[in-house]
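# Per-entry structural report
Below are the chains, spelled out letter by letter.
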Amino acid sequence: MSESPGSAPAPTAAPATPAVPEPRPATLRQRLAELRGPDVAPHPLDARALAALAANPGCGRRALLDGAGVDKTALAAALGSPAPFGQSQFAFMRGNAFEARVKADGGTELLRLLHERMGAGARPPVPGEVLVPDLTAAGPEGRVARTALALREATGAAGGSAAWTLLVHPLLALEVAGSPAYLEPDAVVVRPDGRWIVVEIKSFPMIDSSADPSKVGAAARQAAVYVLALERVAARVTGAAVDHSVLLVCPRDFSNLPTASVVDVRKQLSVTRRQLTRLTRIDDIAASLPEGTSFDLERCSPAELTAAVDAVSAAYAPECLAACELAFHCRGQARSAGAVEALGRGVRGELGGLTTVGAVLAAARGESTPGVADDDPTVVALRRAAALRAEALESVPEGLEAVSRGPGSVPEGAVAGCR
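Below or above, wherever it landed, is the structure these notes cover. These numbers were taken from a predicted model, which means no experiment stands behind them.

This part is about the packing of helix α8 (residues 213-234) against helix α9 (residues 266-278). Between two packed helices, what matters for the description is the angle formed by their axes and the separation of those axes. Relative to each other, α8 and α9 sit at 70°, their axes nearing to 9 Å. Comparing their axes, α9 and α8 come out roughly perpendicular. You can see that α8 and α9 cross each other, and the crossing is right-handed. Residue-level inspection shows Ala220, Arg221, Ala224, Val225, Val227, Leu228 and Glu231 of α8 in contact with α9, the latter providing Gln268, Leu269, Thr272, Arg273 and Leu276. Broken down by class, the residue content of the contact of α8 with α9 amounts to seven nonpolar, two polar and three charged.

Rendered as structure tokens:
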């Protein structure tokens, strides 16, 4: 029907405004990449670092930096507090040469040592009949999947037969505080009964069948992380079981010939499992950071990096000096703040609500401390100790008073009198 002359045209509907989609929240992996630097490759989190992280689960600083893949060695150098970590080139080459010797000829010597120590009555492995699957794949996710498949196939092939399987440098995944960590043990052996055994190869020597206890302890903590990751895989494989004892292979005496010892890691495994569950999730730590926080070593100045590191809470203890690249930076902070943590976890636990050295000295002098009652057992003990010290100093001979009160010269007559 046509419009009559002079009639107003029919109103046309206004074009609809397209809806602007809301920005999708960044995933944890994207957020960690932003913290690390979008152009920076993540630094891998290995079992040694994971064992150190499990030993100090209250440190959000290390949890976040390790989860984000930040190179803590380079970060410590940028902060002006480099840590003397890492092996010398000679030790690194010696360790690689020893590991290659142990795994030579399809792992013949390695499997001989394992059969002697942990064979459990199985038929000895025959050279040439040991299965050594190819574990190469694209990317870490592919290698993890290929390792899981090889373990499943080896367990199925072992069921009741005499088959031994050697997995050289398998890759395992373990979720740590909501972020995946990829772990690479030296070797994993599947026995004919389907039992999985972790093998740790170290370059420190066993002299008269005994090695440095501190190094053996560190190797046990590291192996416990591998056992924990293997248990996650074994839970999905019928007939699989992970041995809680690992085979530690080291040079014998002062030679380059391998010897081995069985190390029970049940205690370290229990501690590691418990401590990892106590870790604050990395996404919670990242969400609490100020806007614009970045650990990008290529784009941030030392002042910006210092501010970013200080924005994350730390739990420093003297033990960190042997396990964390940022320990010297954290120690400097603890000392400048007068924190009692710098004196050790034992001292920190004994002092209760007194968190600074200044507060401890003030309580010992009889001064009131904010937040701590005068009848607090710690305060009472400190004042009693100060009174005993003052009483002891009053009874010191006059010539030795300088020695008791601090550094200084001792009168010659006083020394002669002591003779």
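Leu50, Leu64, Trp196 and Phe295 are the most contacted members of the largest nonpolar core, which totals 78 residues. When residues of this core are assigned to their parent elements, the largest contribution, twelve residues, is made by α8. Those residues within four positions of phenylalanine 295 in sequence are excluded, and the remaining contacts are Leu35, Arg36, Leu64, Leu65, Val70, Leu305, Ala308, Val309 and Val312. Listed in part, the 18 residues of the second largest apolar core include Val102, Leu110, Leu111 and Met118.

Let us now look at helix α12 (residues 327-336). Think of an α-helix as turning once every 3.6 residues; residues three or four places apart then point the same way. Of the positions making up α12, those classed as buried are Ala327, His329, Cys330 and Ala334. Angularly, the buried residues of α12 cover 160° about the axis, an arc narrow enough to put them on a single face. Exposed positions of α12 whose direction lies more than 90 degrees from the buried face are Arg335 and Ser336. Considering only its buried residues, α12 is in contact with α3 (60-68) and α11 (302-310). Where α12 ends, the next residue or the one after it, glycine 338, has phi of about 65°, a positive value.

Along the polypeptide, leucine 289 turns up in the loop between α10 (282-287) and α11. For the pair leucine 289 and alanine 308, spaced 19 residues apart in sequence, the C-alpha to C-alpha distance is 8.5 Å. Here leucine 289 is in contact with Arg31, Leu35, Leu64, Ala311 and Val312, once residues within four sequence places are set aside.

The next subject is the pairing of strand β4 (residues 187-190). Regular strands place side chains that alternate from one sheet face to the opposite one. The two faces of β4 match: Ala187 and Val189 on one face and Val188 and Val190 on the other face are all buried. Pairing analysis gives four bridges linking strand β1 (residues 165-168) to β4, with the strands arranged antiparallel. Each residue of the ladder has a partner; that of valine 168, found in β4, is alanine 187. For β4 and strand β5 (residues 195-201), the ladder comprises four bridges, and the chain directions are antiparallel. Its bridge partner lying in β5, alanine 187 is registered against valine 199. Two successive antiparallel strands, β4 and β5, enclose a turn made up of four residues, where glycine 194 displays a positive phi of approximately 85°.

What follows covers the side chain of aspartate 296. Its location among the elements puts aspartate 296 in the loop between α10 and α11. Once you skip the residues sitting within four places of it in the chain, aspartate 296 turns out to touch Leu35, Arg36, Gly37, Pro38, Val40 and Leu305.

Okay, the pattern of salt bridges next. According to the stated counting rule, one finds 22 salt bridges in the structure shown. Residue arginine 195 pairs with aspartate 243 through a salt bridge whose shortest N-O separation is 3.2 Å. Linking arginine 195 in strand β5 with aspartate 243 in the loop between β6 (241-242) and β7 (245-251), this pair joins segments that are 48 residues apart in sequence. A salt bridge links aspartate 264 to arginine 266, with the nearest nitrogen and oxygen atoms 2.6 Å apart. On the basis of relative accessible area, aspartate 264 is assigned to the partly exposed category, the value being 34%. Sharing partners across several salt bridges, the network here consists of Arg62, Asp66, Lys72 and Glu325.

Calculation criteria
- Residues numbered from 1 in each chain as written.
- Predicted model: local features only at pLDDT ≥ 70, side-chain atom pairs only at ≥ 80, totals over all residues.
- Heavy atoms only, no water.
- Axes fitted to C-alpha atoms, helices over the stretch in contact; angles between N-to-C directions.
- Helix = DSSP H or I, 4+ residues; strand = E, 2+ residues; numbered from the N terminus.
- Parallel < 35°, antiparallel > 145°, perpendicular 65-115°, else oblique.
- Left-handed = near helix turned anticlockwise from the far one by under 90°.
- Contact = heavy atoms within 4.5 Å.
- Nonpolar A, V, L, I, M, F, W, Y, C, P; charged D, E, K, R; others polar.
- Core = buried A, V, L, I, M, F, W, Y, C linked by side-chain atoms within 4.5 Å.
- Buried < 20%, exposed > 50% of the residue type's maximum accessible area, 1.4 Å probe, protein only.
- Arc of directions from axis to C-beta.
- Pairing = 2+ DSSP bridges.
- Salt bridge = Lys/Arg side-chain N within 4 Å of Asp/Glu carboxyl O.

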